[in-house]
Amino acid sequence: MIIGGVGAAAAAMLAEGRLGPRDPYVTDPSSWWGILPSTPPAQTARGVLAGLSALSVIALCLCWVLLVRAMTAGRVSTRAGLAAAAAWSLPFAVGPPLFSRDVYAYAAQGELARLGLDPATHGVATLLTAGAPDGSGRAFVWAVDPRWWHTHTPYGGAAVAVEKAAAAIGGGPAGTVAVLRVVAVLATFVMIALSLRLAGSDPARRRAVAVLVAANPVVVIHLVGGAHLDAIAAMLVVAALVLDRARRVPHPHPHPQAASGRTEAHGILPGAAATGLACLAGNVKATALLCVGWLVLAHLLAARRSPRPVRAGAVRLAADAAAAAVASGLSIAAAGFGPTWIHALSTSGTLTTGIAPAAVLAAAADGVLALVGVHPADGATQRVTRALCLAAAAAVVLALSLRAWRHSPGAPTGTGAAEGTPAPDGAPPAGGDRAFRAFADSRPDLVVVGFGGLAVALGNPVVYPWYLALCLAPLAVLAARGAPAGRRAGRLPGTAAGRTVAALVAASTWLCLATLPPLAATWRLLGPAGVAALVTVAGLAVVAGAAAALLAARRRPAPPTSTP
């Protein structure tokens, strides 16, 4: 499984790399050790390479699904999951940026910032006339997807600061992209390490992080391979959640009343620091501001349990506001520009991705309306469905926040069950719905940032795989109890934890498959008979795999219903 994934990853990297840019007007700034072609491949070669790239990504996703299945059965250790993640990521870490040209836009935006031009008010096409004297500005622009030549960056000051530093260090488009790749790989590594810290010492949760986060194709292909800035935002969000847990560590004292003031003071500083980190994440990617909102709410919930709740709430709110101001100020100072990026947040919404729920709903609505003879104005249905999806995402976040508010008086202040304390005699088996709800009640941070982040990612006007990065770690920790005792090993259980695993797998796999290269040349190369044969073989392979899995599950004895 791991070896097969390595082969699939290497094949995907080489095939997608040899395809070259999908737009004929785009030029790569370097050959990246000879992997990228100097001229576009012929139609026959393009058909072969596109088909190989698609099949390789599908194979990698299948290897990951099998790894997840083995994880839910308890047959994968944390070390094995991390080994798979490292082995699968290596080809994408050393290969060229693939499946998206966003990193080339980051590089051009960094060059703009290095020259003193605000990327939030200038398109990268400005470098054609206002670039460096050595003429490298044209190379920066020609590497960017033409759709983004005249748009303004929707990323915050912290992101622009990273891009600016990369341009200063890289000394050209190829060097800048290489620096950004190193930054993305390091940020992904730190994010995984912090996710393991977020999971605590419980082996099941650490295994879930290793498999559902580190080995996830979204992380392997897009955060590492695509070098997206979302890796930095995800790292900062997870760091904020880990740091915020420090304020809730209990400090036993023989006189609780005397210790309450000291405990409250000890909790304010880590909480404010966590808010600052989350605000830095929001200055990379605006959707990370969800974590800021949650942390402020969590600190107000903690103040409710204080002997003087109004005063405690005011102090915590002031500390959070100060931390957010410091983080934003540092981002502005490092970037060298004001918060002008706020006006450019609609940039990504100028395009449409067919996999976005808003786009799917718009297409369905247009089809239904056409049947009754109604033809809305161009884009009208799209605007309505986008508004509905954004409203639905906001409703989910609000509902989760209200749930956390209602359950806050009874929430434990210590680690307890949240840190893997064994359930007492008579408690439901680990992984059952009751245990999942109890754990979710004790960790509302994971619920709001995880499920709320997923709703925000899918409710966006456009959806890409790397948008899931911010919610992967919280959802993985929540879904750790996916194989309750008494269920057949290797089968995703019909519990809340199991459904969370299934949703995470489905969303990650579907979004990764949605970024496959266009296969028109492949279909033309195969012809009608070849396509029919390919579909038949694929169908037989799926049926054979499903039959083998069911047979193996029936032969395998059920695990014991109790643990020693």
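Colleague: Looking at this model, I keep getting lost on helix α8 (residues 173-199). Mind explaining?
Modeller: Turn by turn, an α-helix covers 3.6 residues, leaving residues three or four places apart pointing in a common direction. In this model, α8 (27 residues) spans 39 Å end to end at C-alpha, consistent with the 39 Å of a helix rising 1.5 Å per residue. At the exit of α8 stands Gly200, carrying a positive phi of roughly 80 degrees.

Colleague: Any chance you could explain the packing of aromatic side chains here in plain terms?
Modeller: Any pair of aromatic rings gets described here by the distance separating the centres and the angle formed by the planes. Counted under the stated rule, the structure contains four aromatic pairs. Pairing Trp32 with Trp33 gives two aromatic rings, centres 6.2 Å apart and planes at 65 degrees, and the pair type is edge-to-face. The interplanar angle of 80 degrees and the centroid separation of 5.6 Å between the aromatic rings of Tyr464 and Tyr467 together place this pair among those described as edge-to-face. For the pair Tyr464 and Tyr467, one class covers both residues: buried. A connected cluster of aromatic rings, assembled from ring pairs, spans Tyr464, Trp466 and Tyr467. Lying over the aromatic face of Phe439, Arg205 brings its terminal NZ or CZ to 4.1 Å of the ring centre.

Colleague: Just to check I follow, could you spell out empty space enclosed by the protein for this structure?
Modeller: Any empty space left between atoms is shown by rolling a water-sized probe over those atoms. Taken as a whole and assessed by the stated rule, the structure comprises three cavities of 30 Å³ or more. Each pocket or cavity is described by its volume, and for the second largest cavity that value is around 60 Å³. Lining of the second largest cavity is provided by 13 residues; of these, Asp118, Val160, Phe337, Gly338 and Trp341 occupy positions nearest its centre. When its residues are assigned to classes, the lining of the second largest cavity shows seven nonpolar, five polar and one charged.

Colleague: Would you explain the packing of helix α7 (residues 157-170) against α8 in this entry?
Modeller: Each packed pair of helices is defined by two parameters, the angle between the axes and the distance between the axes. Here α7 crosses α8 at 130 degrees, and the two axes come no closer than 7 Å. Comparing their axes, α8 and α7 come out oblique. Along this stretch, α7 crosses α8, giving a crossing that reads as right-handed. For the pair α7 and α8, contact is made by Val162, Glu163, Ala166, Ala167, Ile169 and Gly170 and by Gly175, Thr176, Val179, Leu180 and Val183, respectively.

Colleague: What am I meant to see in helix α9 (residues 203-214) here?
Modeller: Compared with the 16 Å implied by 1.5 Å per residue over twelve residues, the 15 Å span of α9 between its first and last C-alpha is a close match. For α9, a buried count of nine out of twelve residues is recorded, marking the element as mostly surrounded by other parts of the structure. Where α9 begins, the capping side chain belongs to Asp202, and its oxygen is found 3.0 Å from the backbone nitrogen of Ala204.

Colleague: I'm lost on the nonpolar core in this one. Help?
Modeller: When a protein is soluble and globular, its nonpolar side chains tend to lie buried together. The biggest cluster of nonpolar side chains holds 136 residues, and the ones touching the most others in it are Trp88, Phe92, Leu212, Trp294 and Leu468. In terms of residue count, helix α11 (residues 230-246) provides more of this core than any other element does, eleven residues in total. Setting aside anything within four residues of it in sequence, one finds Phe92 in contact with Ala9, Ala12, Met13, Leu60, Leu98, Phe99, Arg181, Val220, Ile221, Val224 and Gly225.

Colleague: Is there a simple way to think about a nonpolar patch on the surface in this case?
Modeller: Together, Trp33, Leu90 and Val94 line one region of the surface with nonpolar side chains, adding up to about 370 Å² of accessible area. Secondary-structure assignment places Trp33 in the loop between α1 (2-19) and α2 (43-72). By relative accessible area, which is 72% here, Trp33 ends up exposed.

Colleague: When you look at the environment of Ala84 in this model, what are you seeing that I'm missing?
Modeller: Tracing the backbone shows Ala84 in helix α3 (residues 78-94). Its relative accessible area of 0% is what places Ala84 among the buried residues. Along the chain, Ala84 and Ile2 lie 82 residues apart, while their C-alpha atoms are 5.5 Å from each other.

Colleague: Just to check I follow, could you spell out unusual backbone geometry for this structure?
Modeller: Trans is the common state for peptide bonds, and a negative phi is the common state for residues other than glycine. With a phi angle near 50 degrees, Trp32 is a residue other than glycine that sits in the positive phi range. Tracing the backbone through its elements, the reader meets Trp32 in the loop between α1 and α2. One non-glycine residue with positive phi stands out, namely Phe99, at about 65 degrees. Mapping Phe99 onto the fold places it in the loop between α3 and α4 (102-114). We classify Phe99 as buried; its relative accessible area is 9%.

Definitions and limits used
- Per chain, the residues get numbers from 1 upward, laid out in the order the sequence is written.
- Totals for whole chains, interfaces and linings use every residue, but because this is a predicted model, local features are given only for residues with pLDDT of at least 70 and side-chain atom pairs only at 80 or more, for both listing and counting.
- Each side-chain value is worked out from all heavy atoms of the structure, with water and hydrogens disregarded.
- Only runs of H or I of at least four residues qualify as helices and only runs of E of at least two qualify as strands under DSSP, and these elements are numbered from the N terminus.
- Multiply 1.5 Å by the residue count of a helix minus one, and that product is the helix's expected span.
- Pairing of aromatic side chains requires ring centres within 6.5 Å, counting the rings of Phe and Tyr and the six-membered ring of Trp. Pairs whose planes differ by under 30 degrees are stacked, by over 60 edge-to-face, and all others tilted.
- Buried means the residue's accessible area, taken with a 1.4 Å probe over protein chains only, is under 20% of the maximum for its type, while exposed means over 50%, and partly exposed covers the values in between.
- In this scheme, Lys NZ or Arg CZ marks a charge over a ring once it lies within 6 Å of the ring centre and within 35 degrees of the ring normal.
- Buried and open spaces are told apart on a 1 Å grid over the protein atoms alone, a cavity being a set of points where a 1.4 Å probe fits but cannot get out and a pocket being an open set with protein on both sides within 12 Å along at least five of seven lines. Residues with an atom within 4 Å of a point are the lining residues.
- Grid points are joined across faces, edges and corners, and a volume is the space filled by probe spheres set on the points.
- Here the term charged refers only to Asp, Glu, Lys and Arg, the term nonpolar to Ala, Val, Leu, Ile, Met, Phe, Trp, Tyr, Cys and Pro, and the term polar to all other amino acids, Gly among them.
- Axis definition: a line fitted to C-alpha atoms, limited for helices to the stretch in contact. Angles are taken between N-to-C directions and run from 0 to 180 degrees.
- Orientation labels follow simple angle bins: below 35 degrees gives roughly parallel, above 145 gives roughly antiparallel, 65 to 115 gives roughly perpendicular, and whatever is left gives oblique.
- Working rule for handedness: look at the near helix, and if it is turned counterclockwise from the far one by less than a right angle, call the crossing left-handed; if clockwise, right-handed.
- We call two residues in contact whenever any of their non-hydrogen atoms come within 4.5 Å of each other.
- Two N or O atoms form a polar contact when they lie within 3.5 Å of each other; inside protein one atom must be a possible hydrogen donor and the other a possible acceptor, and for residues adjacent in sequence the pair counts only when both atoms belong to side chains.
- Take the buried residues of types Ala, Val, Leu, Ile, Met, Phe, Trp, Tyr and Cys, join any two whose side-chain atoms come within 4.5 Å, and each joined set is a nonpolar core.
- Patches here are clusters of residues that have more than 30% relative accessible area and form no salt bridge, with a 9 Å joining cutoff for like charges and a 5 Å cutoff for nonpolar side chains (Val, Leu, Ile, Met, Phe, Trp, Tyr).
- The Shrake-Rupley method, run with a 1.4 Å probe, gives the accessible areas here. Residue values count only the displayed protein chains as cover.
- Here a salt bridge means any side-chain nitrogen of Lys or Arg lying within 4 Å of a carboxyl oxygen belonging to Asp or Glu.

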